[in-house]
Amino acid sequence: MAACVLRQGLFSWVGKYSEKHTLHVYFNSRHQANRSPWQCSRCAAVTAIQQRRFMSSRMRPEGKVLETVGVFETQKQHGSYETGQLFLHSVFGYRGVVLFPWPARLYDRDVSPAAPETKSEPPGAQGSKEVKGKTHTYYQVLIDTRDCPHISQRSQTEAVTFLANHEDSRALYAIPGLDYVSQEDILPYNSTDQVPVQHELFERFLMHNPSKGPRFVPRDGLRAWQDMNHRWLELSDVHRETTENIRVTVIPFHMGKREAQNSNVYWWRYCIRLENLGNEVVQLRERHWRIFSLSGTLETVRGRGVVGREPVLSKDQPAFQYSSHVSLQSPSGHMWGSYRLERTNGTFFDVRIPPFSLESKKDDTPNSFLPGPFTSLL
């Protein structure tokens, strides 16, 4: 029997839907999404005992109204989701919409599938494991801004950062509410609302067409933006490795180069997700990075936590995601390292960060076509 279960406001997918399921969410008087759990009206019968307090109008959180958001659709086991597909994120619980897909190469050090492409460890990394890559679909998506304040498992609202044309060589610009999600992150649904996702770019990129499925089709502005910024948005490689039930996924992005003091500085952004696949509660305490440049330099970076946080990974909140940046005075390099985590009994263990390449693209000149909203990260 198909069912879904609620876990601290997040969905845990435990079976395929064989019929339509209605998606509900609590809203407060300002119509902001509350962290109270998402609801599936048909699954309420399956989980009636556990979820009765959420579905009862007498026992719902004070001042909160249960409103219908849409109707769940069957997850795709094969093929890609189309532009305009509405979804609920299966890990972080936010509502979003698909802009376009990215076919990526997934290098998973936990498995060895048959595939033509391989990557070996960079110089200085522990071991010499050769990893085979397989094609895996990811998506560029918009996040509903109403849900951003309630995604506590992330260091910040996800954003795509750019090196825009600017006199300051350190100037970074971010477009908030843009994310990359994998095929399995998507719980698809549909809605009759003409603007089901609140984001300043939604109506600039998509328009409502009830005769289509999905009901939202791309505008010319989305196509132009994708074409203009393709090389900065492009997701090509994904790296994954699990140590003692802690899975680390890394996605690097090339951002371009800048001239500084008569030399070039090359920039990359990398997005990291940590997931606790076990039942033991752990907390990230330290990070240890090794950064190798093609010029021959090897830099070591140690510090407390990540991006000012020391996240706890538990069964209720098993994942944490953040983004950071790195620059080199060489067009390519490698990064690898480890996280030190602490168990509840006070013991520590190290989790490997899978090695990944920092590769430049042929044209490193930043674009100036950045549709708002964007913010300077100077």
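What counts, and where the lines are drawn
- Residues numbered from 1 in each chain as written.
- Predicted model: local features only at pLDDT ≥ 70, side-chain atom pairs only at ≥ 80, totals over all residues.
- Heavy atoms only, no water.
- UniProt positions renumbered as here; feature names shortened; annotations may be inferred.
- Helix = DSSP H or I, 4+ residues; strand = E, 2+ residues; numbered from the N terminus.
- Buried < 20%, exposed > 50% of the residue type's maximum accessible area, 1.4 Å probe, protein only.
- Contact = heavy atoms within 4.5 Å.
- Areas by Shrake-Rupley, 256 points an atom, 1.4 Å probe, with all protein chains shown as cover.
- pLDDT = per-residue confidence, 0-100.
- Pairing = 2+ DSSP bridges.
- Salt bridge = Lys/Arg side-chain N within 4 Å of Asp/Glu carboxyl O.
- Phe/Tyr/Trp six-rings, centres within 6.5 Å; stacked < 30°, edge-to-face > 60°.
- Lys NZ or Arg CZ within 6 Å of the ring centre and 35° of its normal.

- The protein chain goes by Polymerase delta-interacting protein 2 in an unreviewed UniProt entry, where it is assigned to Triplophysa tibetana.
- Listed under Function (unreviewed entry) in UniProt, the entry text for the protein chain is "Involved in DNA damage tolerance by regulating translesion synthesis (TLS) of templates carrying DNA damage lesions such as 8oxoG and abasic sites. May act by stimulating activity of DNA polymerases involved in TLS, such as PRIMPOL and polymerase delta (POLD1)."
- In UniProt, the protein chain has this text filed under Subunit (unreviewed entry): "Interacts with PCNA and POLD2. Interacts with SSBP1. Interacts with PRIMPOL; leading to enhance DNA polymerase activity of PRIMPOL. Interacts with POLH. Interacts with POLD1; leading to stimulate DNA polymerase activity of POLD1."

### What to know about the overall build of the protein chain
- When helices and strands are tallied, the protein chain shows 5 helices and 25 strands.
- Residues counted as buried form 52% of the 378 residues belonging to the protein chain.
- Sequence separation of at least 24 residues holds for 69% of the intrachain contacts in the protein chain that already meet a minimum separation of 6.
- Accessible surface for the protein chain amounts to roughly 17,700 Å². Of this, 46% is attributable to carbon and sulfur atoms.

### Some remarks on unusual backbone geometry
- Here the residue pair Gly213 and Pro214 is connected by a cis peptide bond, since its omega of 0 degrees sits within 30 degrees of zero.
- By the secondary structure assignment, Pro214 is in the loop between strand S14 (206-208) and strand S15 (216-218).
- In the Ramachandran plot, Glu244 falls in the positive-phi region, its phi being about 50 degrees despite a non-glycine side chain.
- Secondary-structure assignment places Glu244 in the loop between strand S16 (237-243) and strand S17 (246-260).

### Re the environment of Glu280
- Within the secondary structure, Glu280 sits in the loop between strand S18 (263-276) and strand S19 (282-293).
- Spatially, the C-alpha atom of Glu280 lies 7.6 Å from that of Arg343, the residues being 63 residues apart in sequence.
- Among all residues touching Glu280, those that are not within four sequence positions of it are Leu313 and Arg343.

### A closer look at the confidence of the model for the protein chain
- Of all residues in the protein chain, 71% have pLDDT values of 70 or greater, and the mean over the chain is 79.
- Within the model, the stretch residues 44-60 combines pLDDT values under 50 with 17 contacts to residues more than four positions away or in other chains.
- Contacts from residues 373-378, a stretch scored under 50 in pLDDT, to residues over four places away or in other chains number 21 contacts.

### Quick notes on the pairing of strand S12 (residues 178-182)
- When you tally the buried positions in S12, you get 5 out of 5 residues, the bulk of the element.
- Here S12 shows two buried faces, one formed by Leu178, Tyr180 and Ser182 and the other by Asp179 and Val181.

### Here's the deal with the pairing of strand S7 (residues 95-108)
- Summarising burial for S7: 12 of the 14 residues are buried, a large majority.
- The pairing of S7 with strand S9 (residues 131-143) spans 11 bridges and is antiparallel. Within the sheet, the bridge partner assigned to Arg105 lies in S9 and is Thr135.
- Across 4 bridges, S7 lies against S16 in parallel orientation. Within the sheet, the bridge partner assigned to Arg105 lies in S16 and is Asp237.

### Regarding the pattern of salt bridges
- Per the stated rule, a full pass over the model turns up 14 salt bridges.
- The closest approach of N and O atoms between Glu244 and Arg343, which form a salt bridge, is 2.7 Å. Of this pair, Glu244 sits in the loop between S16 and S17 while Arg343 sits in strand S23 (residues 332-343); the two residues are 99 residues apart in sequence, bridging distant segments of the chain.
- The class for Arg343 is buried, based on a relative accessible area of 17%.
- Between Asp350 and Arg340 there is a salt bridge; the shortest N-O distance is 2.7 Å. Of this pair, Asp350 sits in strand S24 (residues 348-359) while Arg340 sits in strand S23, and the two are 10 residues apart along the sequence.
- Where salt bridges share partners, they join Arg285, Arg304, Glu310 and Glu342 into one cluster.

### Focus on the environment of Glu203
- Among the structural elements, Glu203 can be located in helix H3 (residues 202-205).
- By relative accessible area, Glu203 is classed as exposed at 52%.
- Along the sequence, Glu203 and Pro218 sit 15 residues apart, while their C-alpha atoms lie 9.6 Å from each other.
- When neighbours within four sequence positions are excluded, Glu203 is seen to be in contact with Val195 and Arg219.

### Quick word on the side chain of Gln183
- Tracing the backbone through its elements, the reader meets Gln183 in the loop between S12 and strand S13 (186-190).
- A relative accessible area of 14% places Gln183 in the buried class.
- In this structure, Gln183 is in contact with Lys76, Gly79, Ser80, Tyr81, His136, Thr137 and Tyr139, ignoring residues within four places of it in sequence.

### A look at the environment of Phe205
- Relative to the helices and strands, Phe205 is located in helix H3.
- Spatially, the C-alpha atoms of Phe205 and Trp225 are 8.9 Å apart, while their sequence positions differ by 20 residues.

### What to know about the packing of aromatic side chains
- By the definition in use, this model includes 11 aromatic pairs.
- Taking the centre distance of 6.1 Å and the plane angle of 65 degrees together, the rings of Phe87 and Tyr94 count as edge-to-face. Grouping residues by exposure puts Phe87 and Tyr94 together as buried.
- Over the aromatic face of Phe253 sits the side chain of Arg269, whose NZ or CZ is 4.3 Å from the ring centroid.

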